[in-house]
Amino acid sequence: MRICVVGAGYVGITTATALADFGHEVLCVDREHSKIDSLTQGKVPIYEPGLEELINKNFQKDRLHFSSHVEESIRDYPIILIAVGTPSKEDGSSNLSFINQVVKIIASNIKDYKIIITKSTVPPGTNEWIHQTLVEMGIAEELFDIVSNPEFLREGTALWDIYHPNKLVFGTKTDRPIKVLKKLYKRGNAPFIFTSLTGAELIKYASNAFLATKISFANEMARICDVYEVNYTDIYKGLATDPRIGRHFLNAGLGFGGSCLPKDLSSLKHSALRQNVETKLLDAVMEINDTQIELYLSKLSMALPDLADKQITVWGVTYKPGTDDLRSSPAIALIKQLVQMGCRVHTYDPMVHLELSDVSSYIDQYESVTNSDALIIATEWDQFHKCNWSEVVSRMKGSIILDARNCIDGKTVRRHGLHYLGVGK
Ligand code: UGA
């Protein structure tokens, strides 16, 4: 099948590459010439394990191409997959201006039947609006089908997620595109869920909102564990062994970040409020998340009075391990807060050399702790729990280790004479 993917962002590049690898002929287009130029030379603007190799493989097989000629490409291809960004506006609602632009381009370039698939995360009602807009712009309904096909991939494991989906969700208005959609993603045994356009949009929001709810629940439980001097890890084990609850998304810590969970929660709340539906649970989920940094800073200042004069090292700056993405990273928010309080902040991250004013970034993990009064682990990169604590002890001035991701063994750290502060411990 011939597919034109519009938008060479995270979802666009990974989806285009995977679809090409499934054997389809895929063209990924974006107006940003510099991005397309580097992709054409095999340079990938995002870090995603295995992606560069897969792009090169599909280049060689002549199944994957990149272009900045958006209009011509949309005109030429029968399947258009929209994967442009839908960032947050100041009020928390989604900015749909890129979607708007693509819809206008599609409207002026439909000459024959097209299946238009929306992969971007869009608020409930958006795909109905796209359909209506095309009709109002004079496009006959026989000439197109709109499909709402949300994406559930995670950064860092995006390719694995595309190859092993736990479901494939399609919102349609008619049965006409269903045969093609089934062929498009003919891999694996994942169930197909067919629903309305708005139903598919809401499945995506419900999924991210539920994941965020689990994390805030874990964080609230960890707060309760703290005051009763109970180890949250024990609570986690008790929850995770119950198949009705499941073991995923129950790690307590600095809270959730990234380009999706916080943005989608705000957008869902906005969509609900617009229809006069209150979102008490989602509000609490966001409030807990928004106060996690405060909580860890107060843990630190209880153990280390006069925090403002101190040198603090933060390990991990990305919003989660396995990515170089800093968008809405709780670690960055924590670092900024420490700087604002007057601390001298040192950072180390295995993937990112942070460039932020008043922050010293190190390329050596151990050098970053030299003379520091405290070390905070803000992202649970694997190498942190395999750390050489003797080296840390010999370099640090102070002895406080704040494990804000519950990822290192407190007993090991204490054996080295360090003062361990953990999550719900
Ligand atoms: C999330 C969803 O997991 C994907 O299914 C979805 O497709 C994607 O958003 C999206 O909408 O595009 P992602 O943002 O890549 O994926 O990252 P997650 O692995 O979900 O982690 C999000 C945040 O939650 C991270 O900051 C992570 O540290 C935090 N988290 C995760 C916790 O604090 N505790 C946990 O137990 C799990």
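Residues numbered from 1 in each chain as written. Predicted model: local features only at pLDDT ≥ 70, side-chain atom pairs only at ≥ 80, totals over all residues. Heavy atoms only, no water.

A. Main features of the environment of Ser-298. If you trace the backbone, Ser-298 turns up in helix H13 (residues 292-303). Each C-alpha atom of the pair Ser-298 and Leu-153 lies 35 Å from the other, and the pair is 145 residues apart in sequence. (Helix = DSSP H or I, 4+ residues; strand = E, 2+ residues; numbered from the N terminus.)

B. Quick peek at the domain arrangement of the protein chain. Along its sequence, the protein chain is organised into domain 1 (2-195), domain 2 (205-290) and domain 3 (292-421). On a C-alpha basis, the centres of domain 1 and domain 3 stand 39 Å from each other. Listed by partner, the interface residues are five residues for domain 1 and eight residues for domain 3. Buried surface at the junction of domain 1 and domain 3, both sides included, amounts to about 510 Å², of which 41% is carbon and sulfur. Together, Tyr-47, Glu-155 and Gly-156 form the three largest contributors to the area buried by domain 1 at its contact with domain 3, with a combined 89%. Here domain 1 and domain 3 share one salt bridge between them. Between Arg-327 and Glu-155 there is a salt bridge, and its shortest N-O distance comes to 3.4 Å. (Domains from an automatic or database assignment. Contact = heavy atoms within 4.5 Å. Buried area = accessible area lost by both parts, 1.4 Å probe. Salt bridge = Lys/Arg side-chain N within 4 Å of Asp/Glu carboxyl O.)

C. Representation of helix H10 (residues 232-240) within the structure. Every buried residue of H10 is accounted for by Tyr-232, Leu-239 and Ala-240. The arc that holds the buried residues of H10, viewed along the axis, is 90°, so those residues lie on one side. H10 presents Lys-237 and Gly-238 as exposed residues on the side facing more than 90 degrees away from its buried surface. Of the surrounding secondary structure, the elements contacted by the buried residues of H10 are helix H9 (197-227). (Buried < 20%, exposed > 50% of the residue type's maximum accessible area, 1.4 Å probe, protein only. Arc of directions from axis to C-beta.)

D. Layout of the packing of aromatic side chains. All told, the structure shown has 10 aromatic pairs when counted by the stated rule. For the ring pair Phe-22 and Tyr-163, a centre distance of 5.3 Å and an interplane angle of 85° mean the geometry is edge-to-face. You can see Phe-22 sitting in the loop between helix H1 (10-21) and strand S2 (25-29) and its partner Tyr-163 sitting in helix H7 (residues 158-163), a full 141 residues away along the chain. Residue Phe-22 shares its accessibility class with Tyr-163, and that shared class is buried. (Phe/Tyr/Trp six-rings, centres within 6.5 Å; stacked < 30°, edge-to-face > 60°.)

E. Seen up close, the sheet that holds strand S3 (residues 64-67). In space, the eight strands of this open sheet follow the order S3-S2-S1-S4-S5-S6-S7-S8, with mixed pairing throughout. Only two strands of the sheet have a single neighbouring strand rather than two, namely S3 and strand S8 (192-195). Neighbour to neighbour, the strand axes of the sheet diverge by 25° on average, direction disregarded. Relative to strand S5 (residues 114-118), strand S4 (residues 79-82) runs parallel, the two sharing four bridges. Across the sheet, the residue bridging to Ile-80 is Ile-116, located in S5. Against the sheet, helix H6 (residues 126-136) makes contact with S5 and strand S6 (144-148), and its axis sits at roughly 165° relative to S6, the strand it touches most. (Pairing = 2+ DSSP bridges. Axes fitted to C-alpha atoms, helices over the stretch in contact; angles between N-to-C directions.)

F. Local environment of the site of the ligand. As a matter of local geometry, the ligand sits amid 21 residues, with Phe-152, Leu-153, Lys-204, Asn-208 and Cys-260 nearest to it. Contact between the ligand and Asn-208: an oxygen atom at 2.8 Å from a side-chain N or O atom of the residue. For the ligand, an oxygen atom lies 2.9 Å from a polar atom in the backbone of Gly-257. Considered on its own, the ligand offers 710 Å² of accessible surface; in the complex 91% of this is hidden by protein. Those elements that provide at least two residues to the shell around the ligand are H9 and helix H11 (261-274). With four residues, H9 is the largest single contributor of residues to the shell around the ligand. Tallied by class, the residues present in the shell around the ligand amount to 10 nonpolar, four polar and seven charged. (Near = heavy atom within 4 Å. Polar contact = N/O pair within 3.5 Å; in protein donor to acceptor, adjacent residues only side chain to side chain. Areas by Shrake-Rupley, 256 points an atom, 1.4 Å probe, with all protein chains shown as cover. Nonpolar A, V, L, I, M, F, W, Y, C, P; charged D, E, K, R; others polar.)

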